[in-house]
Amino acid sequence: MLNGNLLSRFAAACPGGDFFGLPKWYAYLQGTYDPTTHQCVPQVSNINDVWLIIAALIEMLLRLAAIAAVFMVIFGGIKYTTSQGDPDDTARARNTLIYALVGLLISISAAIVITFVAKSLGA
């Protein structure tokens, strides 16, 4: 059975995300495990921790943008399939797919950069 002391050794920061795997606002802050509530208690120790909170919020927005881009890829694929050879509809659907894939690539790349920077600041 895991107790709070053992669990806190493996988690330097408050990990996890619940909804769509989004990070919590305190994802990069140092924290302690509270065994009574079974939750991580974030600790804001100085003004620089505000940047870690901002980085977590930006990462949340980038992940939401990536989810929206995936839905746009699906939407563009459906529009492309149902265009029935009409050149205008096919071109619009192809543009939707291209823009959605570019947006997905940008949002994933930016989330990786934000994660790297936030983990370097939090270390």
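Residues numbered from 1 in each chain as written. Predicted model: local features only at pLDDT ≥ 70, side-chain atom pairs only at ≥ 80, totals over all residues. Heavy atoms only, no water.

Caption draft 1: Structural detail: the pattern of salt bridges. Applying the stated criterion across every chain, the model contains 2 salt bridges. Here Glu59 ties to Arg63 by a salt bridge, and the two come within 2.7 Å at their closest N and O atoms. In this pair, Glu59 and Arg63 both sit in helix H2 (residues 49-81), 4 residues apart, roughly one turn of the helix. With relative accessibility at 32%, the residue Arg63 sits in the partly exposed group. In this structure, the salt-bridge partner of Asp89 is Arg92, at a minimum N-O distance of 2.5 Å. Here Arg92 and Asp89 lie together in helix H3 (residues 87-122), a separation of 3 residues that amounts to about one turn. (Salt bridge = Lys/Arg side-chain N within 4 Å of Asp/Glu carboxyl O. Helix = DSSP H or I, 4+ residues; strand = E, 2+ residues; numbered from the N terminus. Buried < 20%, exposed > 50% of the residue type's maximum accessible area, 1.4 Å probe, protein only.)

Caption draft 2: Looking closely at the nonpolar core. By size, the foremost hydrophobic cluster in this structure holds 9 residues: Tyr26, Ala27, Tyr28, Leu29, Leu52, Ile53, Ala55, Ala56 and Ala118. The leading source of residues in this core is H2, at 4 residues. (Core = buried A, V, L, I, M, F, W, Y, C linked by side-chain atoms within 4.5 Å.)

Caption draft 3: Spotlight on the side chain of Thr90. Relative to the helices and strands, Thr90 is located in helix H3. In this structure the side chain of Thr90 is engaged in a polar contact, spanning 2.8 Å, whose partner is the backbone oxygen of Asp86. Setting aside residues up to four positions removed in sequence, Thr90 forms contacts with Tyr80, Ser83 and Gly85. (Polar contact = N/O pair within 3.5 Å; in protein donor to acceptor, adjacent residues only side chain to side chain. Contact = heavy atoms within 4.5 Å.)

Caption draft 4: Quick peek at unusual backbone geometry. In the Ramachandran plot, Gln84 falls in the positive-phi region, its phi being about 55° despite a non-glycine side chain. The residue Gln84 is located in the loop between H2 and H3 in this model. Given the relative accessible area of 76%, Gln84 is considered exposed.

Caption draft 5: Examining the environment of Leu22 more closely. Mapped onto the fold, Leu22 is located in the loop between helix H1 (4-10) and strand S1 (31-34). You can call Leu22 buried: its relative accessible area is 11%. Separated by 35 residues in the primary sequence, Leu22 and Leu57 have C-alpha atoms spaced 9.6 Å apart.

Caption draft 6: Representation of the packing of H2 against H3 in the model. Where H2 contacts H3, the two axes come as close as 8 Å, and the packing angle between them is 160°. Classified by the interaxial angle, the pair formed by H2 and H3 is roughly antiparallel. Read as a crossing pair, H2 and H3 show a hand that is left-handed. Grouping the constituent residues of the contact of H2 with H3 by class yields 22 nonpolar, 8 polar and 3 charged. (Axes fitted to C-alpha atoms, helices over the stretch in contact; angles between N-to-C directions. Parallel < 35°, antiparallel > 145°, perpendicular 65-115°, else oblique. Left-handed = near helix turned anticlockwise from the far one by under 90°. Nonpolar A, V, L, I, M, F, W, Y, C, P; charged D, E, K, R; others polar.)

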